[in-house]
Structures are given as C-alpha cells and as structure tokens.
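# Residue-level structural notes
What follows is the residue order along each chain.
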Amino acid sequence: MTLDLHRCALEVAPDLLGALVVVRGPEGEVAVRLTEVEAYEGARDPGSHAYRGPTPRTAPMFAPAGRLYVYFTYGMHWCANVVCGPDGTASAVLLRAGEVVTGLELARSRRPAARRDVDLGRGPARLAQALGLTGADSDLVLRRGGRAEVRPPVAAPAEIRTGPRVGVAGPGGDPGEFPWRFWIPGEPTVSTYRPGKARAPRVPGTPGAPRTPGAPRTPDVPGTPARHTGT
DNA sequence: CCGGTGATATCCT
DNA sequence: GGATATCACCGGC
C-alpha cells in the first residue's frame, strides 16, 4: 500500500491513521503508530495557519507535499504536521497522538513527565517531544531512511471516527462544518482534552455577556468533547 | 481548575 | 519602530 501525500488533507488524514512516523537522530530512533490526526485545508480553511496566506513561519505548508511543518505554541510546545496536497495548495495534517512502537527508552528519556507509556505521545506537543521534533525540523523533507519518514499502515484500522478539531476557535472549530479530526476508537493514546476556559469578553471593562444558552453539544464525539471557544 | 511561556500576526504610531 | 491579542498545549494542583 502506498500513501499519496499529493492529495488534500481531508483524504490523507484518515489514511495516516495506523501509519508509522519514524524519526532518527544521534541518540537513536523513535517510531510511533498514529492514532489521532487532524486535517487543515489551507486557504479554504479558517482554522488553518495557511488561511491568511504564506508567512515565514508557514512557508513549509505552501511548499510541495511530503515535508514537515513544525510550529511553536503556548511559549513551550512544538507541534508537527505532515504537509500534503497538490502543489500550490497548503494542506497539512496535524499529528495529534500515537503509540510509541520503537525507541521506547529514548522516548521516555525525552518525556520524563510521562508517568505511563501511553502518555508519551498522547497529544500533539507530547508526540512531537517524544519524536524529538522541533522547529529545526520544520520544512524537513520526508525520505525513506532519512531523518524522518512516514510509512503507510500495515493494515488499515478496523474503524475510524471523526469529530470536530480540538482547540480551534472561531468558524474553523464549527463541528458541523469542520469535523476534520480523525482517530482510531478505543486507542488509549487518543488524547481527551478538557474543554478550554471560556474566552474573556472582547471589550475590556464590559461585563461578560452570557453566551447563548443551549448551544448544541458536539454530536458525534463520545467522551471527547472539543474545546469550543470563541465567538 | 489554573498559570507558564514566547513566537507570530496584526494593529498602531 | 512598538503595543496588544492570540495561540493545532501541558502539567500540576
């Protein structure tokens, strides 16, 4: 089975479930089996970093498919994406969670805070840390036998679930329009995030007007509600 | 639940 | 140039 990254993220994302991400470095090799990903569809996707056009940071997303886009967030975390899509587009798939299958000792040493092995790659920043990926790897081209590669699943997962993306504020987080998170049900490495804190009102000094009550709960996502902030 | 932490983008002068 | 708001999050309480 081959894994064609020259397709849009929505098609690639489910095919990445069960795939192996292998990263090699001086200290050795760590490989993870992906259990949770999210699609970002570039220019037409208000949740994507590419939505407002290219910037120095997002340049790798606009480059040809088959490379990494790694960004820094919240002052301390790296998150890794696989750039995909036809040339000239800016699609990418965020690697949200996975199970460490080789290099367990190395992964543990990189993630001393993890108390159980399932926590090594449970969440995008944890996964990147376990793999040893940082901004230095943004724009890195995936190559067989190179520093980083992606191997297609040996067997496709028996079942795949979809739901709204985690932590995407505004229209891009709308569960109805962008159910672009994909995961393998029953996997202990699939991250279950606490709902985020409601955002403070925009205008300082105004008392926080209560949000519309009875907003529809996310339909399709047992046990893992997406954080639903913004607007 | 909360706070840490700093890059990035977007607004301003 | 500077000020401000936002953030594909994590860990510890």
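You'll find the structure just up there.
Now for a look at the structure at hand. (Residues numbered from 1 in each chain as written. Chains lettered and ligands numbered in written order. Predicted model: local features only at pLDDT ≥ 70, side-chain atom pairs only at ≥ 80, totals over all residues. Heavy atoms only, no water.)

### What to know about the overall build of chain A
When its secondary structure is counted, chain A shows four helices and eight strands. In chain A, the succession of α and β elements from N to C terminus is α-β-β-α-β-β-β-α-α-β-β-β. Here chain A holds 231 residues, and 47% of them are scored as buried. Taking the intrachain contacts of chain A between residues at least 6 apart in sequence as the baseline, contacts between residues at least 24 apart amount to 62%. Carbon and sulfur atoms form 55% of the exposed surface of chain A, whose accessible area is close to 11800 Å². (Helix = DSSP H or I, 4+ residues; strand = E, 2+ residues; numbered from the N terminus. Buried < 20%, exposed > 50% of the residue type's maximum accessible area, 1.4 Å probe, protein only. Contact = heavy atoms within 4.5 Å. Areas by Shrake-Rupley, 256 points an atom, 1.4 Å probe, with all protein chains shown as cover.)

### A closer look at the pairing of strand E1 (residues 20-25)
As paired strands, E1 and strand E2 (residues 28-41) are joined by six bridges and run antiparallel to one another. In the sheet register, leucine 20 faces E2, and the bridge partner there is arginine 33. Where E1 hands over to E2, the hairpin turn is made up of two residues, counted between the paired strands. Taken together, the four bridges between E1 and strand E6 (residues 148-151) define a ladder with antiparallel strand orientation. (Pairing = 2+ DSSP bridges.)

### What to know about helix H4 (residues 124-131)
Within H4, six of the eight residues are buried, leaving the element largely enclosed by the surrounding structure. Buried residues in H4 make contact with E1, E2, strand E4 (77-84), strand E5 (91-102) and helix H3 (104-110). Immediately beyond the C-terminal end of H4, within one or two residues, lies glycine 132, with a positive phi of roughly 80°.

### A few points about the pattern of salt bridges
Scanning the entire structure with this criterion turns up 19 salt bridges. The salt bridge partner of glutamate 149 is arginine 24, with a shortest N-O separation of 2.8 Å. Of this pair, glutamate 149 sits in strand E6 while arginine 24 sits in strand E1, placing them 125 residues apart in sequence. Where glutamate 99 meets arginine 33, a salt bridge forms, and the shortest distance between an N and an O atom there is 3.0 Å. Within this pair, whereas glutamate 99 is found in strand E5, its partner arginine 33 is found in strand E2, the two being separated by 66 residues in sequence. The exposure class of glutamate 99 is partly exposed, given its relative accessible area of 32%. (Salt bridge = Lys/Arg side-chain N within 4 Å of Asp/Glu carboxyl O.)

### Describing the packing of aromatic side chains
Two aromatic rings are characterised by how far apart their centres lie and by the angle between their planes. Scanning the model with the defined rule gives three aromatic pairs in all. For the pair phenylalanine 72 and tryptophan 78, a centre-to-centre distance of 4.8 Å together with 50° between the ring planes defines the contact as tilted. Judged by its relative accessible area of 29%, tryptophan 78 falls in the partly exposed class. Here the guanidinium or amino end of arginine 181 rests over the ring plane of tryptophan 183, the centre of that ring lying 4.4 Å away. (Phe/Tyr/Trp six-rings, centres within 6.5 Å; stacked < 30°, edge-to-face > 60°. Lys NZ or Arg CZ within 6 Å of the ring centre and 35° of its normal.)

### A word on the pairing of E5
In terms of burial, E5 is largely enclosed, as nine of its twelve residues are buried. Where E2 and E5 come together, ten bridges link them in antiparallel fashion. Paired with leucine 34 across the bridge in E5 is glycine 98. Sheet topology places E4 next to E5; four bridges connect them, and they run antiparallel.

### Some points on the side chain of serine 48
Its location among the elements puts serine 48 in the loop between E2 and helix H2 (59-62). A polar atom in the side chain of serine 48 sits 2.9 Å from the backbone nitrogen of alanine 50. Contacts of serine 48, omitting those with residues within four sequence positions, involve Tyr40, Glu41, Gly42 and Met61. (Polar contact = N/O pair within 3.5 Å; in protein donor to acceptor, adjacent residues only side chain to side chain.)

### Quick word on helix H1 (residues 9-16)
Listed in full, the buried residues belonging to H1 are Ala9, Val12, Ala13, Pro14 and Leu16. The inward-facing, buried residues of H1 contact E2, E4, E5, E6 and strand E8 (181-183). Downstream of H1 by one or two residues, glycine 18 has phi in the positive range, about 90°.

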